[in-house]
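# Structure at a glance
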Amino acid sequence: MINRILSRFHGGVHLPDRKSLTAGQPVRKAHLPDRLYLPLHQHIGASAEPVVAVGDSVLKGQMIAHACGYVSAPVHASSSGKVIAIEDHAIPHPSGASASCIVIETDGEDRWIERSGAEDYLNMDHSHLRNLIRNAGIVGLGGAGFPSFIKLNPGPDYQIDTLILNGAECEPFITCDDLLMRTHPEEIISGIKILRYALKAKHVVIAVEDNKPEAYQSLKGQLHNEDIEVVQVPTLYPVGGEKQLIQVITGKEVPHDGLPLNIGIVIQNVSTAAAVHRAVNEGTPLVSRYVTVTGGGVTQPRNLEVLFGTPVNELLEQCGGTNMAMSRLVMGGPMMGFELHQHNVPVIKTTNCILAATDHDLSPEQPMMPCIRCGSCADACPVSLLPQQLYWFARSKEFDKAQNINLFDCIECGCCSYVCPSHIPLVHYFRFSKTEIAAKEREQEKADQARARHEARQARLDREKAERAARLASKKAALAAKKARSDRASGGVSDDKKAAIKAAIERAKAKKAAKKQAGTEPEAEKNRAVSERKRAEMKAAIEQAKVKKMARKQAESGHERGVSEQKKAEMRAAIARAKAKKAEKKNDGI
Amino acid sequence: MEFKIKSSPQTHLDNNLTQLMMRILYALIPALVAYVWFFGWGIVINILLAVVTALSCEALMLKLRQRPVKLFLTDGSAVVTATLLAMALPPLAPWWLTVLGVAFAIIVAKHLYGGLGFNPFNPAMVGYVMLLISFPLEMTGWSAPLSLVDYKLAFMDSISMIFTGQIASGLQLDALTMATPLDMLKAELRLEHTVAESLSSHPVFGLMGGVGWEWVNLTILAGGVWLIYKKVITWHVPVGVLGSLFIIAAVFYGIDSEHYASPLFHIMSGAAIFAAFFIATDPVTAPTTALGRVIFGAGIGILAYIIRTWGGYPEGIAFAVLLMNMVAPTIDHYYQPRVFGHRKK
C-alpha cells in the first residue's frame, strides 16, 4: 500500500498531552450504582420520549424512551431495575441546568433483555441496517453526539469516496478511545466493515494520533487482507476535529456551508464503530462506554467502563476519591470540556472524560488584559479566522460585522483563547455573539411572520371589498337587463323609440369601452353591452379567484413568500376592483 | 462583559503580557552593551530616566482614568515604550528632553487614546517625532563614537552632561557630539560630493555604515532574530521593512552609485534595523494578518528611503512608521486570509 501523503491544517497548538496518567492503567468496570439517571436528551436533536411509566420494571438494554423525529436517538435502560421517577435532575451541561431524566433503581441483577445479532448484515437492506443502528441508540461517541444512522444515509446524490475513522483523540488527558483501540481492535474493525457496507465507501482510513503507537499497532495487527488503511497523524490539537482530520487525511476542505458528505466523505469515531458492531452483530444497544477519570484531583486515575446514568461522584470514589488539590471538575477535555458545578450529574453518551483538575493540571484563571492585536490567536486558528477582529466586533456588539468575517465558521476549539497573552476568553465572546445573533434571527423571523400575516389580511380585506363590489354590480346589471327586456316586451312607439335610442347609446358606449379596454378586440364592437358587462364580471371573478388562491398560498407558506408576491396579489386585486367598478359604471349607464 | 462561569478552554498557555514585554527588553540587552561600549554610559542613564518617567506617568494616568493601577503598571508596556524611546534619543540628550518625550508618549500617545491596546500610533515614535520637530538642535546632537573623541567619558561625566549640559572639566556637549552617518552623508551630498568621496572623507563612516553604529545594529539584529525565534514577533514586518529598503536602495544605487548610498549603508547606518524589529513590530499599531504585515513593513521601508533621500530629515524611519500606522486598519481590512472552507474570492 502506498503511504498516504498527509496535509496539514492552519494553526493549531501543541499541548502537553498528560495522557500517561491513565494510558497505562487497565480498564475496569465501574460498579453498578443504586440509581441510574438517564437524561432524555443525550444527543444532538430532539429529546427522546419516555415509553415507560413510573413503577415499571425494566431490563438492561430495554428501550425506555424512543426517538422523537428524525434527528433524535432512543434511550435504553443501562441496567435492570424499576423506574422510580421521571423527573428533572441535574444533567451535564455548561449551564448547570436540570432536565428530564428517567430514574431507575437498579436491582443488582443487571439482567439483559433477549438479544440477538443479525445473521448476515451483508444481505440486509440498507435502511433496515440503519434502523438497527438507530434503534440501538447509537450517536457519535467522540463528543458531539450526532445520531449515527443519519450519517449512514447519504442519499442517492452522493457517492462516498472515503470513510474516515477518527481515533485521533487530540484532547489532552483523554485516553478512552486509546484504550478501546488497544483492548478491542476487533470490535472496531468489525464495526468499520458494517459502516463501510452501509456507505459503500471506496476507501477506509483509520486515523490515530502518533502519540498512541500501541493503539496504532493494535489496529494494524487486527487487519489482514482488508483494504483498510491505518494512518498515524501528527499530534497537533485539534487534529481530531472533523474538518481538520478530513483536511489532514484527504487534503480537502469541507465547504463552509456544507457537510463532509458534499465532498464524498463520512467520518465516524472509532468508539462509534465498536458500538455499531455490538448493535448489529450482538443486538446490544448502547448502554455503556469507556470514560477516562483523570487529573491530579483523583488518587487513582484510570479508565472505567461506565453504564450511562451513573453519577459522576460515584466514579470519582471508585478512582480513590478526590483530594484537596482538586480545584475544578471538568467533563470532557481541557480545551472543549465544561466545568461541572454539581458532582451528581450522570455520565451520558457523549461523556468521554471526567477531569478532576488541580491548578497544576489546568492553569487558574488570570485577569483579562486589553487585546494588543499580537495576532497569536489568528496564527493558532485552525480555520484561519481573525479572532482579534471578531473579538473587537463582539465586544462592541457589532454582530453583523462579526458575521461578515465568518463568525459562524468558528469551531470553538479554544486555540485562540489558549494562546492569548492577554487571557481574553475569546471563545466565550464568540459563543455569546452566536447566541445573540441566533436570538436576533428568531426575532426577525417572528417579525417577518407577523408582517406576512398582516399583508395577507390586507389582501383578504381588499379581495372581499372587490367581491362585494362585483356582486353589487352584477345585481344591478341583472336588474337593468330585466327592465330593458320588459320595456321591449311592453311595446309602444315611444317605448320602441326610447329603446332604440338606448340601444344605440349602449352600443356606442360598448364600442368606446371595448376600444378602451381591449384595444384590438374586434368582436367587442359587435357585442351588445350586456355581454360586455358579463365579460368584465367574469374577469373580475377570475381575478378574485386568483387573489384567493394567492392568499391561501401565502397563508400556507408563511413568511417565506416574498413581498413581491404579496404586491402582485394586491395589484391584481386592485385591477379587479377597477374593472368591477367600470362594469358597475357601465351598468349605471344602461 | 463579565463571565461568572469559566468557559472552555479550561486551560491556558503559560504566557502573559508581562512575559512578552520582558522578552522585548531582554532582546535589547546585547544592543545596550554595544551601545555603552561605543557611545558611553549616557544611554543607560537615559533609559533609567525614561523608565522612571514612564512609570510615573502611567500610574498617574491609570489613577485618573480609574483603571487598576497595579495590574497595568506591571504589564511592562510602559517600560518597553520608555526603553525604546530612550534608545532612539541621543545618548547625551539633556534630561528634560527624555522626560518630556516619554511623558508625551505615555500621556498623550497612549492614554489619551484609550491606553494599552487602543493607541493608533506607536507611542515611542510619537514621543520621538514630537521632540524632533520641537527641539531639532538637541535631537541632532549625537555623541560621537568614543573612539573618535579624545576625551575618556566616565560614568559620572555622562550624568553630569545629561543633567547640567557640561562636565567637570568644562567640556561642552558640542565637543563630544558629531553628526550621525546619515546626517553627514546628507550634508556631503548637498555639497555636491559623491557618495564614495563622502564616505572616505570622514572618520564617522565605518565598513558598512557608521563606526559603532554597525555593531549596535548587528546586536539589535541578533536580538530581533531571537524575538522571532521566541515567537514574540513574526518575520513579516522586519522582512517587509528591510527588504523594501534594501531593494529600493539597490535600484537607485544601481542607477547612480555616485549620488545614492548603497543598500547596505542604508540598512546598517540608521535606525532601520531597530525600527524593523522593535518599533514597527509593535502589534497594537501594526496590521495583524501576515500579508498585511509585509505590506505595512514595505511601506515603512519605502517611505523611510524617500524621506532619507529626498526629504528634509536625514532619518525618516519614525515618520514612516507613523504614516504607516495610519493605514494599518485599512491594510487589515483588505488583506484578510481565506477562511477554511471558503473559496478564493
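Here's what I pulled together on the structure shown here. (Residues numbered from 1 in each chain as written. Chains lettered and ligands numbered in written order. Predicted model: local features only at pLDDT ≥ 70, side-chain atom pairs only at ≥ 80, totals over all residues. Heavy atoms only, no water.)

## Remarks on a positive patch on the surface
Residues and elements named next belong to chain A. Together, Lys465, Arg468, Arg471 and Lys475 make up a positively charged patch on the protein surface. Within the secondary structure layout, Lys465 lies in helix H14 (residues 426-490). Using a relative accessible area of 51% as the deciding quantity, one classes Lys465 as exposed. (Patch = residues over 30% accessible without salt bridge, like charges linked within 9 Å, V, L, I, M, F, W, Y side chains within 5 Å. Areas by Shrake-Rupley, 256 points an atom, 1.4 Å probe, with all protein chains shown as cover. Salt bridge = Lys/Arg side-chain N within 4 Å of Asp/Glu carboxyl O. Lys, Arg positive; Asp, Glu negative; His and termini not counted. Charge placed at Lys NZ, Arg CZ, Asp CG, Glu CD. Helix = DSSP H or I, 4+ residues; strand = E, 2+ residues; numbered from the N terminus. Buried < 20%, exposed > 50% of the residue type's maximum accessible area, 1.4 Å probe, protein only.)

## What to know about the nonpolar core
In terms of nonpolar packing, the biggest core is built from 92 residues, with Tyr128, Phe274, Phe278, Phe296 and Ile300 of chain B touching the most fellow members. Looking at this core element by element, the count peaks at 13 residues for helix H1 (residues 17-39) of chain B. Looking at which domains feed residues into this core, each of domain 1 (41-142 + 144-177) and domain 2 (178-333) of chain B supplies at least three. One finds Ile188, Leu195, Val204 and Leu340 of chain A within the second-largest nonpolar core, a separate group that totals 89 residues. (Core = buried A, V, L, I, M, F, W, Y, C linked by side-chain atoms within 4.5 Å. Domains from an automatic or database assignment.)

## Observations concerning the sheet that holds strand S7 (residues 81-90) of chain A
Residues and elements named next belong to chain A. The 4 strands are arranged S2-S8-S7-S4 in an open sheet whose pairing can be described as antiparallel. The strands lining the two open edges of the sheet, one partner per strand, are strand S2 (35-39) and strand S4 (57-58). Pairing between S4 and S7: 2 bridges, direction antiparallel. Bridging across to S7, Val58 finds its partner in Gly81. (Pairing = 2+ DSSP bridges.)

## Notes on the packing of H1 of chain B against helix H4 (residues 77-88) of chain B
Residues and elements named next belong to chain B. The geometry of H1 relative to H4 is characterised by a closest axis approach of 10 Å and an angle of 25 degrees between their N-to-C directions. One way to sum up the angle between H1 and H4 is to call them roughly parallel. Our pair here, H1 against H4, has a crossing hand that is left-handed. Across the interface between the two elements, Met21, Ile24, Leu25, Leu28, Ala31 and Tyr35 from H1 touch Ser77, Val79, Val80, Thr83, Leu84 and Met87 from H4. (Axes fitted to C-alpha atoms, helices over the stretch in contact; angles between N-to-C directions. Parallel < 35°, antiparallel > 145°, perpendicular 65-115°, else oblique. Left-handed = near helix turned anticlockwise from the far one by under 90°. Contact = heavy atoms within 4.5 Å.)

## A short note on the pairing of strand S8 (residues 98-106) of chain A
Residues and elements named next belong to chain A. Sheet topology note: the S2/S8 ladder contains 5 bridges and is antiparallel. Among the inter-strand pairings, Leu38 is bridged to a residue of S8, identified as Ile102. Bridging between S7 and S8 involves 9 bridges; their strand directions are antiparallel. Within S8, the position partnered with Gly81 by the bridge is Thr106.

## Remarks on the packing of aromatic side chains
Residue and element names in this part refer to chain B. A complete count under the given rule lists 16 aromatic pairs over all chains for this structure. With a centroid separation of 5.1 Å and an interplanar angle of 75 degrees, the aromatic rings of Phe252 and Trp310 are classed as edge-to-face. Of the two residues, Phe252 sits in helix H12 (residues 236-255) while Trp310 sits in helix H15 (residues 290-310), which places them 58 residues apart along the sequence. Residue Phe252 is classed as partly exposed on the basis of its relative accessible area of 22%. (Phe/Tyr/Trp six-rings, centres within 6.5 Å; stacked < 30°, edge-to-face > 60°.)

## Side note on the pattern of salt bridges
It is possible for side chains bearing opposite charge to pair when their charged atoms get close. Residues and elements named next belong to chain A. Taken as a whole and assessed by the stated rule, the structure comprises 22 salt bridges over all chains. Taking the shortest distance from any N to any O, the salt bridge between Arg182 and Asp178 comes out at 3.1 Å. Here Arg182 and its partner Asp178 are both found in helix H4 (residues 176-183), 4 residues apart, which amounts to about one turn of the helix. Of the residues examined, Asp178 reaches a relative accessible area of 5% and is grouped as buried. Taken together, the shared-partner salt bridges in this structure form one network comprising Asp178, Arg182 and Glu214.

Interpretation note: all reported values are geometric properties and have no functional meaning in isolation.
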